[in-house]
Amino acid sequence: MLRFALTRILMAVPTLLIVAVSVFALIRLIPGDPAALMLGDLADPANLAELRRKLGLDQSLAAQFGIWFGHMLTGDLGTSITSGQPVAGLVLAKFWISARVVLAAVLLASLVAVPAGMIAAWRQNSLTDLALVGTATLLLSIPTFWLGLLMLLLFGLKLGWLPVIGYVGFAEDAGRALLYMIMPVATLFLHEIGVLLRMARASTLEVARLDYITHARAKGLRESTVLWRHAFKNAFGPTWTLIGIVLGNLLGGIAVVETVFTIPGLGRLLVDSIFARDYPVIQGCMLFVAAVYVLVNLIVDLCYPVFDPRVTAE
Amino acid sequence: MTRRGLASAALLMGAFTAGAPALASSLRVQLNADIRSTSPGVNRDDNTDAVVLHVVEGLVAYGDNAEVKPLLAESVAVSDDGRTYTFKLRKGVKFHNGAELGSADVLWSWQHYMNPKTEWRCLAEHDGRGRAKVEAVDAPDADTVVFRLDRPSALFLANLARTDCGMTGILHQDSVKPDGSWDKPVGTGPFRFTEWKRGEYIRLSRHEAYASRDGGPDGYAGSKRPLVDELRFIVVPDSSAAKAGLLRGDLDVVPNIPNADVRELEKEPKVQLSISTNMGTVGVLLQTRDPLLANVKLRQAIAAAIDTEQLVAAVTEGLGKRNNSIVPLTSRYYGAVEAQGYEHDPATARRLLAEVGYKGEPLVLFTNKRYPASFEAAVIVQAMLAAAGINVRLEVLEWATQLDRYNAGNYQMMAFLYSPRLDPALSFDAIMGPKDKQPRKVWDDPEAQALLDRAMVVSDPAERQRLFDELHRRFIAAVPMLMFYNGIDPGAVSRRVKGYRSSIFSKPLLWEVGLAD
């Protein structure tokens with residue numbers, strides 16, 4: 001197990017290197033100058049040149065990459081061009097904010113979608129199946145920003161139950177923090193239910209057709225026992241993988257939900273940095289997201305044998 | 001869930017909401033992006049200026065009509081040769097740490113700003129790279145400060161008062177740490193800096209010992225009493241979320257709502273609107289070095305094909321007023337001459353097109369969606385020019401890309417917004433200059449430049465009026481850009497807010513603003 005984990009971590013190194021190089025190159029291929037953006041239409045050539053020199057943008061791309069890469073190897077992701085804060089601290093602080101929302105949403109969605117998907121498969125072509133699949137497809141089709149705005153309108157404005165803007169950390173006031181989390185978590189939860197339910201249903205259908213399920217039934221076991229004891233473990237594997245992918249995706253990409261609900265998380269930081277051409281923050285965010293993605297999928301792979309003993313970490 | 005269950009849930013949520021620490025006199029104001037720093041005129045943008053200028057004040061400041069007036073100064077005397085400015089300080093003005101303002105603080109602040117390590121954005125205006133160099137600053141006594149320039153400048157006070165220069169706010173030495181690095185602004189403004197939670201909010205508290213001027217509110221000058229205990233600037237990037245926050249009562253002031261929301265919010269009983277015209281300019285730049293657009297007759301044909309009245313009415317939902325002049329509508333220098341703009345005359349447009357032999361050659365008009373007014377103006381311009389037989393292709397760019405092209409002068413036509421300049425000379429300066437040295441400049445005319453240079457030096461209002469009138473006539477004839485209107489700031493505030501007025505500065509001014517019980 002340890003060897004497997006170490007091998008996977010080592011295998012992630014070239015992936016992260018490729019991410020580092022491509023993000024550095026791609027963001028500089030896009031037109032736009034952070035110094036010009038900071039000064040706006042009030043920029044004069046002297047100010048612009050001075051700011052570019054201060055930010056190190058007057059150096060060659062190779063030199064800029066060398067400096068950034070050298071610092072990165074020592075764990076220093078640089079300093080934000082716009083705010084002057086160290087990127088590593090900034091990214092980590094924002095990550096925890098996003099992670100809270102994402103983890104809660106994915107956990108809840110998994111708890112609801114996996115059993116629902118299996119029930120739908122077990123009752124294939126029944127009214128229950130139709131209702132569950134229909135709901136899943138509908139939820140999957142609704143863009144998260146629209147769903148979020150509808151929630152704001154209903155629970156924030158019409159009913160007045162939930163606050164519509166602002167953010168409160170758990171350390172500040174746990175009760176209010178929970179209140180502020182309800183709508184963003186619910187938005188992601190509803191969307192991800194659709195994704196996970198369909199996968200759980202499809203993999204359960206596949207397993208339900210196998211001989212050992214027929215054999216279990218032939219032994220006279222109750223349907224619920226067949227479903228949960230025999231079908232679940234084999235059917236959950238693909239859904240578990242998907243949960244890992246969804247988690248990785250969301251941890252780096254809930255900018256839309258964060259913008260609608262004014263959550264100062266990692267996604268919003270990344271989008272704001274792209275608009276401001278804040279190169280160190282963009283590079284830091286992307287590298288961090290890639291590392292998280294690799295880590296989440298490693299954990300998923302390491303957990304796989306728990307559900308399917310046929311798969312070994314070796 | 002049963003009805004009782006629903007009611008319980010609602011009660012529980014109500015209890016949570018009721019537990020929110022919303023002070024009775026806390027004014028919650030939307031910011032569409034976080035501020036960049038708390039240091040006046042350093043690493044700043046419009047949001048940063050808006051917040052910081054509640055904390056610090058300068059010797060002089062802009063009033064409602066964009067005139068520069070004394071603020072921390074009791075009076076300003078200018079010598080006959082226009083090179084010596086003597087500021088008499090007001091007595092009894094206190095910093096947020098309780099210390100009393102004196103000339104030593106002005107000297108210290110000036111040295112702080114003029115130190116290149118501070119990276120003050122307006123350093124170049126005063127260190128000799130600009131129009132006039134500040135050669136010496138002295139404090140003959142505790143209440144007097146004297147600035148000596150190397151040459152006269154009509155813009156010296158205007159530059160001191162500039163909002164993007166942080167109003168050259170007078171700071172107490174406690175603003176910096178013992179090692180000289182920036183800590184937080186300790187100024188004399190109506191609110192003191194209390195807390196900045198990055199990406200979330202900035203909190204300012206009432207300056208209990210604030211020494212306000214008399215005479216009622218007048219922009220950044222005039223009376224500036226803090227009428228609430230706390231200002232909380234909350235970062236809400238999305239305008240729909242900000243609107244929802246206002247209607248829900250989570251926000252008290254949304255300084256700039258989209259024009260399209262005005263009619264809807266007018267009908268909301270919980271909301272009141274305050275709409276002002278700022279000194280920014282909305283228009284379309286024409287690249288006079290483009291092979292096609294180098295021909296002034298083609299540019300004149302384009303101007304004649306545009307119905308500015310109709311365009312402005314459509315883009316601003318009827319809120320804006322046409323202005324074809326670089327001199328802003330709200331400026332004291334906007335007069336009968338400036339009111340003379342382009343004539344919408346399709347027949348003239350057709351005649352001019354025939355004269356230049358235009359045969360439908362395509363022109364590309366760049367725009368962006370970051371500034372909706374700019375985008376909408378571009379769409380209407382394209383349609384109006386198409387009606388006149390001018391073939392324009394619209395290209396929508398991301399803002400950073402468009403700004404790059406603007407700085408390089410790499411465009412044929414470009415829908416563009418200039419941020420407010422509070423003196424017409426600065427407004428003209430934004431577009432005028434030699435393209436060889438500064439490709440971003442729009443209007444390169446040495447004769448007109450000489451007039452502008454003169455307007456930068458003379459202080460006599462009548463003489464300046466004559467210069468601006470002449471510049472306007474030349475601008476309309478040369479058509480280096482199509483100027484449509486000055487920006488609109490529709491502010492939306494809760495009904496319980498008293499005294500809020502949108503300003504010409506395109507920033508919320510939150511002194512003399514209170515909350516009803």
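Structure's up top.
Cut-offs applied
Residues numbered from 1 in each chain as written. Chains lettered and ligands numbered in written order. Predicted model: local features only at pLDDT ≥ 70, side-chain atom pairs only at ≥ 80, totals over all residues. Pairing = 2+ DSSP bridges. Helix = DSSP H or I, 4+ residues; strand = E, 2+ residues; numbered from the N terminus. Axes fitted to C-alpha atoms, helices over the stretch in contact; angles between N-to-C directions. Left-handed = near helix turned anticlockwise from the far one by under 90°. Contact = placed C-beta atoms within 7 Å. Nonpolar A, V, L, I, M, F, W, Y, C, P; charged D, E, K, R; others polar.

Q: Describe the pairing of strand β9 (residues 201-206) of chain B, listing the residues and the values that go with them.
A: All names here are of chain B. As paired strands, strand β8 (residues 191-197) and β9 are joined by six bridges and run antiparallel to one another. Across the sheet, W196 pairs through a bridge with I202, a residue of β9. The antiparallel pairing of β8 with β9 creates a hairpin that spans three residues between the two strands, and G199 there sits at a positive phi of about 80 degrees. Relative to strand β12 (residues 230-235), β9 runs antiparallel, the two being bridged by five bridges. For S205, the partnering residue across the bridge sits in β12 and is E230.

Q: Talk me through the packing of helix α13 (residues 424-431) of chain B against helix α14 (residues 446-457) of chain B; I want residue IDs and the actual numbers.
A: Residue and element names in this part refer to chain B. Running from amino to carboxyl end, α13 crosses α14 at an angle of 145 degrees, the nearest separation of the two axes being 10 Å. You can see that α13 and α14 cross each other, and the crossing is left-handed. Where α13 abuts α14, its residues A425, F428 and D429 lie against L452, A455 and M456. Here the residues of the contact of α13 with α14 sort into five nonpolar, no polar and one charged.

Q: For the interface of chain B and chain A, give the residues involved together with the corresponding values.
A: Each partner contributes to the interface: chain B provides 38 residues, whereas chain A provides 36 residues. Counting only elements with at least two residues in the side of chain B that touches chain A, the list comes to α1 (3-18), β12, α6 (239-248) and α12 (399-408) of chain B. Top contributing element to the side of chain B that touches chain A by residue count: α6 of chain B, with seven residues. When the residues that make up the side of chain B that touches chain A are grouped by side-chain class, the tally is 18 nonpolar, 10 polar and 10 charged.

Q: Before we move on, can you summarise the sheet that holds strand β7 (residues 144-149) of chain B with the specific residues and values?
A: Residue and element names in this part refer to chain B. Spatially, β4-β5-β7-β6 is the arrangement adopted by the four strands of the open sheet, whose pairing is antiparallel. Where the open sheet ends on each side, the last strands, each with one partner, are β4 (73-78) and β6 (134-141). Each neighbouring strand pair of the sheet contributes to a mean axis angle of 20 degrees, computed without reference to strand direction. Pairing analysis gives five bridges linking β6 to β7, with the strands arranged antiparallel. Counterpart to D138 in the pairing with β7 is V146. Along the sheet face, helix α3 (residues 103-114) touches β5 (84-89), β6 and β7 and points at about 160 degrees away from the line of β6.

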